[in-house]
Amino acid sequence: MIDKQKVNMLLLLVFASLSVAGNTLAYSALRDAQIIAEFKQELELNHAKIARELVHSANWASVGTISTNEVVKDYPMVNIISIDDNNASFISTGIIRFLLTDLDFTGMDWQSNNKVSFMFTDEQTLNCTNAKKDPMEPTCARTMISGQVKKLSKNSPSYNSALDVFIARHPPAKNWIKEHNFYLCELDIQNIFVLDFYGGPHQVKVSDYYAINI
């Protein structure tokens, strides 16, 4: 059933298709049809699936922390982190795993406050540029995933296989571990926002996110 907010959005979009020429309102049937088609598209969007697809297709994410660096202490800090969400069969699980080192901003910050936010966007694979969409357009889909960093125990039975899968996707990581003491972590997801159309972000339940098969 279509909710009132979405009906109001459709009406606003239809009104926006009327262009003012002097004191005359010029109606465009073509533009009206385009708006209705876009509205129907928005109703059919599976926000949880979009989040999963964005995570799986990306090799990296922008990660925000609260800085512990004395120069910018307590300011938001952003970094690029390589990620992987595959299992041992190289099938997407939605579990976001990544390597950190205590020599890096994120590695230092999470130990003071392990709450972080990851952002993934369709522009990471140039899908938006190829579709002639600006990366800031709401139709250039993005997901903001917040949670807590969990350092994985090397004694865990699944640690080595998870690390092998990560290295298979990011071969240079083998040297990162050896030279700079990187360690494997995963994100304990607490909240997911998806922006994939006009009208603001959608909140996705974590259980719905993990239930998706891609």
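Quick caveat: nothing in here was measured; it's all calculated off a predicted structure. (Residues numbered from 1 in each chain as written. Predicted model: local features only at pLDDT ≥ 70, side-chain atom pairs only at ≥ 80, totals over all residues. Heavy atoms only, no water.)

A. Highlighting unusual backbone geometry. Here Asp74, not a glycine, exhibits a phi torsion of approximately 75 degrees, which is positive. Along the chain, the position of Asp74 falls in the loop between strand E3 (60-66) and strand E4 (76-86). Despite not being glycine, Lys132 shows a phi value in the positive range, around 60 degrees. Along the chain, Lys132 turns up in the loop between helix H5 (127-130) and strand E7 (142-151). On the basis of relative accessibility, which here comes to 78%, the residue Lys132 falls in the exposed class. (Helix = DSSP H or I, 4+ residues; strand = E, 2+ residues; numbered from the N terminus. Buried < 20%, exposed > 50% of the residue type's maximum accessible area, 1.4 Å probe, protein only.)

B. Looking closely at the layout of surface pockets. If you add up the space inside the largest pocket, you get close to 230 Å³. Around the largest pocket, the lining comprises 15 residues; the ones closest to its centre are Asp122, Lys133, Thr139, Ala141 and Asp196. Contributing elements (two or more residues each) for the lining of the largest pocket: helix H3 (47-57) and H5. When residues of the lining of the largest pocket are assigned to their parent elements, the largest contribution, four residues, is made by H3. Here the residues of the lining of the largest pocket are counted per class, giving seven nonpolar, four polar and four charged. (1 Å grid on protein atoms, 1.4 Å probe; cavity = no way out; pocket = protein on both sides within 12 Å on 5 of 7 lines; lining within 4 Å. Points joined across faces, edges and corners; volume = space filled by probe spheres on them. Nonpolar A, V, L, I, M, F, W, Y, C, P; charged D, E, K, R; others polar.)

C. Here's a closer look at the pairing of strand E5 (residues 92-100). Of all nine residues in E5, seven are buried; the element is thus mostly enclosed. Bridging between E4 and E5 involves three bridges; their strand directions are antiparallel. Pairing of Ile83 across the sheet is with Phe98, part of E5. Here E4 folds back onto E5 in antiparallel fashion, the turn holding five residues, of which Phe90 has a positive phi close to 60 degrees. (Pairing = 2+ DSSP bridges.)

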